[in-house]
Amino acid sequence: MSGTWQQIEIAGKPAEVFDFGPDRPPRFGILYLHDFNQTKLRDHPSLTNLLEQFDFACICPSGKRCWWVDRICQEFDANISPERYLLEAVLPFFQTRWKLDPRAIGLSGVEMGGQGALRLAFKYPERFPVVAAISPAIEYHEWYYRDTPIMEMYSSKEQCRQDTAPMHVHPSSFPPHIFFCCDPADSEWFRGNDRLHEKLAALGVTHQCDLENTVGKGSWNYCAKMAEPAFHFLAAGLERESRRLL
């Protein structure tokens, strides 16, 4: 049976869900965080095919331009931060719908969602042991003075920088399966990815990254190229986690 996309609500907010129906329970789940432009995963058949190939259920919550942080973003919600929403509403939905516990759920995302996935994994490595980010917008504080909600969420550019993914890396407590990649031609986000790689290497944090493959300009061309290795990484990491005794 082929999987299908459905539009649902989780705690009153829209989300898109990919699954195979009651007769085919998924092996694992993927929490996918969208980019700043709110590109839908379902609009890219090659990525849907990978969900099929790896037997992944997937939830794609709608976060608007929230940057997936633990700060109130008015256009997302006036009372709950995007991070708390993911932890308190979306993550439990995997258990409710598919009986998947948190360690059977991989984190992934592109650009804004990629940095959001890394931030969550670094902050909560026991909940999110497997993460794969494509073109993560790690140094999003560089957008502080642009027309985005960031200036509402942080009092200064420096306060924003202090909340970026690298600042949440703990040298002795980190996800065991970390993958990220960025096109060297991506002048917007490559520097942050390279700096994260250097920091993780200096701290001895095990990770995999690809900072060499390039397609030139066109973020979704790059995403299409790197989605397969990212999903392979997610599947392998989740399989290893499923065999852990503790």
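The present account deals with the structure reproduced in this document. (Residues numbered from 1 in each chain as written. Predicted model: local features only at pLDDT ≥ 70, side-chain atom pairs only at ≥ 80, totals over all residues. Heavy atoms only, no water.)

1. Some details on the environment of Ala15
Within the secondary structure, Ala15 is located in strand 2 (residues 13-19). A residue is classified by how much of its surface remains accessible, and Ala15, at 1% relative accessible area, is buried. With 44 residues separating them along the chain, Ala15 and Ile59 place their C-alpha atoms 6.9 Å apart. Among all residues touching Ala15, those that are not within four sequence positions of it are Gln6, Gln7, Ile8, Ile10, Ile59, Cys60, Pro61 and Ser62. (Helix = DSSP H or I, 4+ residues; strand = E, 2+ residues; numbered from the N terminus. Buried < 20%, exposed > 50% of the residue type's maximum accessible area, 1.4 Å probe, protein only. Contact = heavy atoms within 4.5 Å.)

2. Describing the packing of aromatic side chains
Enumeration over the complete set of coordinates arrives at 15 aromatic pairs. Geometrically, the ring pair formed by Phe18 and Phe20 is edge-to-face, given 5.4 Å between the ring centres and 80° between the ring planes. Take Phe20: its relative accessible area is 2%, and that puts it in the buried class. Judged by centre distance (5.5 Å) and plane angle (35°), the rings of Phe179 and Phe233 are tilted. Residue Phe179 is found in strand 7 (residues 177-181), and its partner Phe233 is found in helix 7 (residues 219-242); the two are separated by 54 residues along the sequence. Judged by its relative accessible area of 6%, Phe179 is buried. Cation over ring: Lys13 sits above Phe76, and NZ or CZ is 4.7 Å from the ring centre. (Phe/Tyr/Trp six-rings, centres within 6.5 Å; stacked < 30°, edge-to-face > 60°. Lys NZ or Arg CZ within 6 Å of the ring centre and 35° of its normal.)

3. Quick look at the nonpolar core
Ranked by internal contacts, the top residues of the largest apolar core, which has 88 residues, are Phe56, Trp67 and Leu118. Take this core: its biggest share by element is eleven residues, from helix 7. Sequence-distant contacts of Trp67, defined by excluding residues within four places in its chain, comprise Phe36, Met112, Gln115, Ala137, Tyr140, Trp143, Thr148, Ile150, Met153 and Trp189. (Core = buried A, V, L, I, M, F, W, Y, C linked by side-chain atoms within 4.5 Å.)

4. Notes on helix 6 (residues 190-203)
The end-to-end C-alpha distance of helix 6, which contains 14 residues, comes to 20 Å, matching closely the 20 Å that a straight helix rising 1.5 Å per residue would cover. All of the buried residues in helix 6 are Gly192, Asn193, Leu196 and Leu200. Projected down its long axis, helix 6 shows its buried positions confined to an angular sector of 100°, all on one face. In this structure, the buried side of helix 6 is in contact with helix 3 (112-123) and strand 7. Residue Gly204 follows helix 6 closely and has a positive phi angle near 75°. (Expected span 1.5 Å × (residues − 1). Arc of directions from axis to C-beta.)

5. Things to note about unusual backbone geometry
We note that Gln38 has phi near 60°; this positive angle belongs to a residue other than glycine. Looking at the secondary structure, you find Gln38 in the loop between strand 3 (28-33) and helix 1 (45-54). One non-glycine residue, Lys64, lies in the positive phi region at around 55°. Tracing the backbone through its elements, the reader meets Lys64 in the loop between strand 4 (56-61) and helix 2 (82-98). We classify Lys64 as partly exposed; its relative accessible area is 39%.

6. Topic: the sheet that holds strand 5 (residues 105-110)
In a beta sheet, neighbouring strands pair by backbone hydrogen bonds and run either parallel or antiparallel. Read from one edge of the open sheet, eight strands run 1-2-4-3-5-6-7-8, paired in mixed fashion. Only two strands of the sheet have a single partner each, and these edge strands are strand 1 (4-10) and strand 8 (208-210). Each neighbouring strand pair of the sheet contributes to a mean axis angle of 15°, computed without reference to strand direction. Pairing analysis gives seven bridges linking strand 1 to strand 2, with the strands arranged antiparallel. Opposite Glu9, over in strand 2, you have Pro14 as the bridge partner. (Pairing = 2+ DSSP bridges. Axes fitted to C-alpha atoms, helices over the stretch in contact; angles between N-to-C directions.)

7. Let's talk about the packing of helix 2 against helix 3
Between helix 2 and helix 3, the shortest axis-to-axis distance is 12 Å and the interhelical angle comes to 65°. As for how helix 2 packs across helix 3, the hand of that crossing is right-handed. On the side of helix 2, the interface is formed by Glu83, Leu86 and Leu87, while helix 3 contributes Arg119, Leu120 and Lys123. When the residues that make up the contact of helix 2 with helix 3 are grouped by side-chain class, the tally is three nonpolar, no polar and three charged. (Left-handed = near helix turned anticlockwise from the far one by under 90°. Nonpolar A, V, L, I, M, F, W, Y, C, P; charged D, E, K, R; others polar.)

8. Comments concerning the environment of Phe180
Take Phe180: it is sitting in strand 7. With 16 residues separating them in the primary sequence, Phe180 and Leu196 have C-alpha atoms 9.6 Å apart. Look past the residues within four positions of Phe180 in its chain and what remains in contact with it is Leu118, Ala133, Pro136, Asn193, Leu196, His197, Leu200, His207, Gln208, Cys209 and Asp210.

As far as function goes, none of this settles anything; it's purely spatial.
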